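Notes for the structure review
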Protein chains: 4
Amino acid sequence: MPRRDRLTVNDVHGAWAIIPTPAVDNAEDWRCEDSIDYDEVAKAVDGLIVGGVDAIMAQGTFGEGATITWEEKKKMMSVMVETARGRKPIFVGVTTLNTRDTIKQLKHARDIGADGTMLGLPMWQVCDVPNAVRFYRDVAEAVPEMAICVYANPEAFKFQFPTPFWAGVAEIPQVITCKYIHIGQLSIHTAVTKKRIRFLPIEFDHLDAARIDPEFHTAFWSPCANGGPEMTIRIRDTVKEAVKTGDWSTALRVWGAAAPVMGHLMPPGGFPEFSRYNIQLDKARINASGWMKAGPCRPPYLTAPANYLEGAVKAGKGWAELCAKVRAGEL
Amino acid sequence: MPRRDRLTVNDVHGAWAIIPTPAVDNAEDWRCEDSIDYDEVAKAVDGLIVGGVDAIMAQGTFGEGATITWEEKKKMMSVMVETARGRKPIFVGVTTLNTRDTIKQLKHARDIGADGTMLGLPMWQVCDVPNAVRFYRDVAEAVPEMAICVYANPEAFKFQFPTPFWAGVAEIPQVITCKYIHIGQLSIHTAVTKKRIRFLPIEFDHLDAARIDPEFHTAFWSPCANGGPEMTIRIRDTVKEAVKTGDWSTALRVWGAAAPVMGHLMPPGGFPEFSRYNIQLDKARINASGWMKAGPCRPPYLTAPANYLEGAVKAGKGWAELCAKVRAGEL
Amino acid sequence: MPRRDRLTVNDVHGAWAIIPTPAVDNAEDWRCEDSIDYDEVAKAVDGLIVGGVDAIMAQGTFGEGATITWEEKKKMMSVMVETARGRKPIFVGVTTLNTRDTIKQLKHARDIGADGTMLGLPMWQVCDVPNAVRFYRDVAEAVPEMAICVYANPEAFKFQFPTPFWAGVAEIPQVITCKYIHIGQLSIHTAVTKKRIRFLPIEFDHLDAARIDPEFHTAFWSPCANGGPEMTIRIRDTVKEAVKTGDWSTALRVWGAAAPVMGHLMPPGGFPEFSRYNIQLDKARINASGWMKAGPCRPPYLTAPANYLEGAVKAGKGWAELCAKVRAGEL
Amino acid sequence: MPRRDRLTVNDVHGAWAIIPTPAVDNAEDWRCEDSIDYDEVAKAVDGLIVGGVDAIMAQGTFGEGATITWEEKKKMMSVMVETARGRKPIFVGVTTLNTRDTIKQLKHARDIGADGTMLGLPMWQVCDVPNAVRFYRDVAEAVPEMAICVYANPEAFKFQFPTPFWAGVAEIPQVITCKYIHIGQLSIHTAVTKKRIRFLPIEFDHLDAARIDPEFHTAFWSPCANGGPEMTIRIRDTVKEAVKTGDWSTALRVWGAAAPVMGHLMPPGGFPEFSRYNIQLDKARINASGWMKAGPCRPPYLTAPANYLEGAVKAGKGWAELCAKVRAGEL
């Protein structure tokens, strides 16, 4: 299959689902050499595409980009690309501890046919704005064929992603989108980046982003489609319909059903506390939803407080119920 | 003047301006016993009301609620209330180090005729959610006649103001509004509070909040009206007009002129770094705008890095220019 | 009683006990107007002096300097000074939200005969080094008769107390000592302050400080004497004896008995997590020890996680047992 | 050369020098495939051993463990081991983003003849105490032949390394030492680890640690020997002599000369601020000292504020002057 042109900001639309890296039963054990359940990877990628998502991203935080080996990641990337067969863009995670390792991984991803990368900052030491912008510029310069989705997680990468950073990376043509935490500064960031970057709010913020600017904010990232794509697609489509008709009532009803269910995932301390157990909680949520088998966690991020895990399970089961309602035409 | 009924969430609309506490020339000196320029307080309150704002709040962070004495604050409150003469609601700051001092100050504010308080959490020790909710409940129980605007500043008050906090304070009838940092979780917080609290985004986010829910998000707080109310009123009115007509182009143009000007206020490190010098930077901004005399800072928050102060001055001057354009009918 | 000369660094020796502010039964209620059990204050001050401590400090963090009113604090200061009758120095807490309120309180403390103050930084906004040093200089200039113990708590006061700060405050003659968190930089801070400030390590670090420099490090602060002074005095005296004889075995045995007992006070997250519940945990500890009645907490810092409180109770009971052993000559 | 037995806590003595990873001229460029100046590695390792250090550690923070590739690290490890020829222990850095990558690297290090590892925690997500202890246990179980030096840097690894952590890892026989930030809790950590772990304070704290417990605290880590080993050896030997004779005056004089010189390395904000530019500042320091060529930094950690770098250069030059004085018998 010939390589398609690099994706542009105009290719970023709809539901960008993020998948976990499914784990075999003994993945908690350091002896496990190949911890990935590749069949489940293929099943999930195909299921999401058939289910209607618009792109698939992987190897982020709950995607255990931190805890899978390079050998495993290479195989998983290939399974993803081969399963997708060009039907939808595949963005792989190549966040590492430095610029050159990231470039090496991204070149490989390019060579096997991935479309882009969801890419966070090296996090051993804190980056300041000049070093952070240069990181993305270096990577883009080294692998110009690949599109970049900035992975803007302040807790993981020890970086606030302030406005001057966005002004800087907007000058890099490869940077076309961003996995975004919340929409608190969406308009200012959209303005300083001159609409060269389409930010992806989380699916629960898509409704609001679309109300802010329905023409530009047409895409979002989904942490939950891996618990059943129906509800994610329902969010996308009801918003699209609302934008067309001007009647937001159905979109609001769908959002109103989804938001409290996912609220169970968040510990009382909010996002900083959630971030301490992000992997463990999201995998518990996905496993509880039953749509795919995320399996156990990989070392060293194995256990979490019991009450936090209970909330995650509640969120996963609730999402599955929402999907069932969508399938039944009840939502 | 008989006391009017306690304000409700339905009374929260339009531009809620926050004023600094104007300082006399030697206010930096600990020997200064009465550091407030009360004439300037009266002038600012009257000027803002005549200029069109919908409410006035004071004694927050750049309002130096931390660094004025109780004797000074009492006098300033009286000047504010007497100047306003019931034309617009006056919300005073009674954040202290504990529940009982706050109650004492709030009772006094009630007795002299203030309408409500912009109230942050005691900040020597961190509050968790149960203690934080109880703080607001205790204060409301002690002074039920006063409306409360939660002052949700995470850096000042060492508290993340997570979703369960909002669910808790929404049960308190006195809590009707909130000075809010950004709109990152506006919809979820609006939902869990069942529209009992009208959150006030900063004036630069008002446009977006109105696009998210034009019927409910009708109010905002303004840090900048003290640099000239014309631009703040212009923001309010162009958004109102856009909501009515469905044509957002003028509102967007106004926002597009304002946002980059105020961007100069923010150091490269973003909000956490800004918070380290909030008072010094905002007073430099206000003084540079020339609309009112904020005067020097009070001890101990006196100096700031020169390049940060330069940005603040640029923001203040830019705002004054925007106001001039509004007056000239050019914006 | 004529005012004695201001204390100097040469007057700082031995065990500096910190007391809580004993609370009456309904002190958790905001309606409580005078929440202090003054009899218990007097009993504790007298008991500690008779028990052998070398100075008494109050109104810090677990001393609820944050949550008592100025009226209460004035009365408590007087009870402390009158009970001490010059037998031992009394250092009161006058940490407030700003320079001028602190000066006002410190002048009062001077007038009623207190010897000095344990003084932290205003904490609404972060201080940088120049503003922090100026704060202490301003206070010393305003009330030159009073000795100052810098209260160096980074969590409470949002300040790291770095080396340049110490170089700065060492130029202020009133600054003679410091309530210090740990001895991690004791020698460098002692060097840059040219021995003008005698740092007070916590009693569990006194042994180490004395081994580092037995001639200079002769003093420490005690959070635990309020749970029974015998053990604190035993720590002081066995160290003094070791310095004299060169035989550290008894001092080491005493330390070895004390350290694990107090380890129960600390939650798994270490000092930052402890600081979130400092007041609640220390009061639970003191109440469990039974030597004095600290009573309930004052609003808003009322509740804490149950397992943290259990650890605090264990620490308090363990300390009481150690004191009993000392009295029985078994330790 | 047959593998020697695993080092034990009894083998940890003296000056443990940490080296940077010397970089070739174009190492700042992502195109640079092999960025290490191996001749300089060999020269530094030999120079330090000949100069008298007791062990050499590498690939930590300023050792750019984050920013060198695995291919480079393997070669550097071999050069280190081959240059050392068993004369002194070699501890390499195998900190990665997860347990299994660390194990893979550590097995390789074992196979080429390294003695142990200086090992930090995976840092994408925060570890809590159970997951952190299990990380070290897993690694030790997988590569039991290798000694472990816990790399206890709270800023780099997002972990406070609280007391319960030390109690946990003390049960792992491979954990014999620790690169330690400061001696604030040295005695309590030594107690809970039952002297199974010999903590390495920084060379500036060695004097104090030796005064606390001269029999046990016989070792330290040196960030500065790479700027000339003479001064490090002088610190070690004057302390050793003081322990023997009881006369600490020379050791104190040497410390008094060294401490202010290295103070220049620390920005005003203290350790957290230093940590933001640790690599850039330490490499600037080493290059300024002139003893070895650390070369430029590797991406993405390239630039730092000019005034911070000036301080680092001052520290490096000052250290070189101290070494010259030692050689001249003047210190």
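Residues numbered from 1 in each chain as written. Chains lettered and ligands numbered in written order. Predicted model: local features only at pLDDT ≥ 70, side-chain atom pairs only at ≥ 80, totals over all residues. Heavy atoms only, no water.

This brings us to the environment of Gln185 of chain D. Residue and element names in this part refer to chain D. By the element assignment, Gln185 lies in the loop between strand 6 (175–179) and helix 7 (186–192). Separated by 45 residues in sequence, Gln185 and Ala140 place their C-alpha atoms 25 Å apart. The residues touching Gln185, leaving out its near neighbours within four places in the chain, are Thr163 and Tyr180. (Helix = DSSP H or I, 4+ residues; strand = E, 2+ residues; numbered from the N terminus. Contact = heavy atoms within 4.5 Å.)

Many authors give the size of an interface as the accessible area that is lost as the parts come together. In this assembly, 54 residues from chain A lie in contact with 54 residues from chain D. Of all residues in chain A, Trp30, Arg100 and Trp124 of chain A bury the most surface against chain D, accounting for 23% of the area lost on that side. Between chain A and chain D we count 4 salt bridges in total. As a salt-bridge pair, Arg100 of chain D and Glu72 of chain A come within 2.6 Å of each other at their nearest N and O atoms. Contributions of two or more residues to the side of chain A that touches chain D are made by helix 3 (99–112), helix 4 (129–142), helix 5 (154–157), helix 11 (271–276) and helix 12 (278–289) of chain A. Split by residue class, the side of chain A that touches chain D holds 23 nonpolar, 17 polar and 14 charged. (Buried area = accessible area lost by both parts, 1.4 Å probe. Salt bridge = Lys/Arg side-chain N within 4 Å of Asp/Glu carboxyl O. Nonpolar A, V, L, I, M, F, W, Y, C, P; charged D, E, K, R; others polar.)

Bringing the pairing of strand 1 (residues 14–18) of chain D into the picture now. The side chains of a regular strand alternate, first on one face of the sheet and then on the other. Residues and elements named next belong to chain D. With 5 of its 5 residues buried, strand 1 lies for the most part within the structure. Taken together, the 4 bridges between strand 1 and strand 8 (residues 219–222) define a ladder with parallel strand orientation. Within strand 8, the position partnered with Gly14 by the bridge is Ala219. Pairing analysis gives 3 bridges linking strand 1 to strand 2 (residues 55–57), with the strands arranged parallel. Bridged to Ala17 within strand 2 is Ile56. (Buried < 20%, exposed > 50% of the residue type's maximum accessible area, 1.4 Å probe, protein only. Pairing = 2+ DSSP bridges.)

Residue and element names in this part refer to chain A. Packing of helix 3 against helix 4 brings their axes to within 10 Å, and their N-to-C directions diverge by 35 degrees. Considering how the two elements wind past one another, helix 3 and helix 4 form a crossing that is right-handed. The segment helix 3 lies against helix 4, with Thr99, Thr102, Ile103, Leu106 and Lys107 engaging Phe135, Asp138, Val139 and Ala142. (Axes fitted to C-alpha atoms, helices over the stretch in contact; angles between N-to-C directions. Left-handed = near helix turned anticlockwise from the far one by under 90°.)

Turning our attention to the pattern of salt bridges. Within this structure, the stated rule accounts for 80 salt bridges over all chains. The closest approach of N and O atoms between Asp208 of chain B and Arg211 of chain B, which form a salt bridge, is 2.9 Å. Highlighted residues: Asp208 of chain B and Arg211 of chain B, both in helix 8 (residues 206–212), separated by 3 residues, approximately one helical turn. On the basis of relative accessibility, which here comes to 13%, the residue Arg211 of chain B falls in the buried class. Here Glu64 of chain C and Lys283 of chain C are joined by a salt bridge, their closest N and O atoms 2.5 Å apart. Here Glu64 of chain C is found in the loop between strand 2 (55–57) and helix 2 (70–84), whereas its partner Lys283 of chain C is found in helix 12 (residues 278–289), with 219 residues between them in sequence. Of the two residues examined, Glu64 of chain C and Lys283 of chain C, each falls in the buried class.

Residue and element names in this part refer to chain A. Their axes nearest at 7 Å, the elements helix 9 (residues 229–245) and helix 13 (residues 306–327) cross at an angle of 65 degrees. As summarised for this structure, helix 9 and helix 13 are arranged roughly perpendicular, according to the angle between their axes. Along this stretch, helix 9 crosses helix 13, giving a crossing that reads as left-handed. Residue-level contacts link Glu230, Met231, Thr232, Arg234 and Ile235 of helix 9 to Trp319, Leu322, Cys323, Val326 and Arg327 of helix 13. Its residues assigned to classes, the contact of helix 9 with helix 13 shows 6 nonpolar, 1 polar and 3 charged. (Parallel < 35°, antiparallel > 145°, perpendicular 65-115°, else oblique.)

On the side of chain C, 54 residues touch chain B, which itself brings 54 residues to the contact. Of the roughly 4500 Å² buried where chain B meets chain C, counting both sides, 53% is carbon and sulfur surface. Three residues stand out in chain B for area buried against chain C, namely Trp30, Arg100 and Trp124 of chain B, and they jointly supply 23% of the buried area on that side. Summed over the shared surface of chain B and chain C, the number is 4 salt bridges. Of all elements in the fold, only helix 3 (99–112), helix 4 (129–142), helix 5 (154–157), helix 11 (271–276) and helix 12 (278–289) of chain B reach the threshold of two or more residues within the side of chain B that touches chain C. Here the side of chain B that touches chain C gets 7 residues from one element, more than from any other, and that element is helix 4 of chain B. By residue class, the composition of the side of chain B that touches chain C is 23 nonpolar, 17 polar and 14 charged.

We now examine the arrangement of the chains. The two partners chain A and chain C share no contact, and the minimum distance between any of their C-alpha atoms is 12 Å. Between chain B and chain D there is no contact; the minimum C-alpha to C-alpha separation amounts to 12 Å.

Here we take up the relation of the copies chain B and chain C. The transform that puts chain B on chain C rotates by 180 degrees and translates by 0.0 Å along the axis, for an RMSD of 0.0 Å. In the structure described here, the two chain copies are related by an operation that fits a two-fold rotation axis. By residue overlap, the copies meet face to face through one surface: 100% of the interface positions of chain B are interface positions in chain C. (Least-squares fit on C-alpha atoms with pLDDT ≥ 70 in both.)

When chain A is brought onto chain D, the operation consists of a screw motion whose angular component is 180 degrees and whose axial shift is 0.0 Å, with 0.0 Å RMSD remaining. Take the interface residues of chain A: 100% of them recur as interface residues in chain D, which is what a same-surface contact looks like.

Another aspect to go through is unusual backbone geometry. The step from Pro299 of chain A to Pro300 of chain A runs through a cis peptide bond, and the omega angle for that step is 10 degrees. Within the secondary structure, Pro300 of chain A sits in the loop between helix 12 and helix 13. Residue Arg85 of chain B is not a glycine yet carries a positive backbone phi of 50 degrees. In this structure, Arg85 of chain B sits in the loop between helix 2 (70–84) and strand 3 (90–93). Of note, the phi angle at Phe161 of chain D is positive, near 50 degrees, even though the residue is not glycine. Classification of Phe161 of chain D by relative accessible area gives buried; the value is 4%.

The predicted model of chain A averages 97 in pLDDT, with 99% of residues at 70 or higher. The complex model carries a pTM of 0.96, and its ipTM stands at 0.97. (pLDDT = per-residue confidence, 0-100.)

Now for the packing of aromatic side chains. What the rule picks out here adds up to 61 aromatic pairs over all chains. With a centroid separation of 5.3 Å and 65 degrees between ring planes, the pair formed by Phe157 of chain B and Trp124 of chain C is classed as edge-to-face. Taken together, the residues span two chains, with Phe157 of chain B in helix 5 and Trp124 of chain C in the loop between strand 4 (116–119) and helix 4 (129–142). Exposure remark for Phe157 of chain B: the relative accessible area of 0% places this residue in the buried category. (Phe/Tyr/Trp six-rings, centres within 6.5 Å; stacked < 30°, edge-to-face > 60°.)

Turning our eyes to something else, we now look at helix 3 (residues 99–112) of chain C. For helix 3 of chain C, with 14 residues, the first-to-last C-alpha span of 20 Å sits near the 20 Å given by 1.5 Å per residue. Among the residues of helix 3 of chain C, those classed as buried are Thr99, Arg100, Asp101, Thr102, Ile103, Gln105, Leu106, Ala109 and Arg110 of chain C. Those residues of helix 3 of chain C that are buried are in contact with helix 2 of chain B together with helix 2, strand 3 (90–93), strand 4 and helix 4 of chain C. In the stretch just after helix 3 of chain C, Gly113 of chain C is the one whose phi turns positive, near 105 degrees. (Expected span 1.5 Å × (residues − 1).)

Turning our attention to the sheet that holds strand 5 (residues 147–151) of chain D. All names here are of chain D. Spatially, the 8 strands line up as an open sheet ordered 7-6-5-4-3-2-1-8, and their pairing is parallel. Looking at strand neighbours, the two that pair on one side only are strand 7 (198–200) and strand 8, the edges of this open sheet. Each adjacent strand pair in this sheet contributes to an overall mean axis angle of 25 degrees, direction not counted. Across 4 bridges, the pairing between strand 4 (residues 116–119) and strand 5 is parallel. Its bridge partner lying in strand 5, Leu119 is registered against Val150.

Here we come to the sheet that holds strand 2 of chain C. All names here are of chain C. Ordered in space as 7-6-5-4-3-2-1-8, the 8 strands form an open sheet in which the pairing is parallel. In the strand order of this sheet, the two ends are held by strand 7 (198–200) and strand 8 (219–222), each with one partner. Looking at each pair of strands side by side, their axes are set apart by 25 degrees on average, direction ignored. Looking at chain direction, strand 2 and strand 3 are connected through 2 bridges and run parallel. What sits directly across from Met57, in strand 3, is Phe91.

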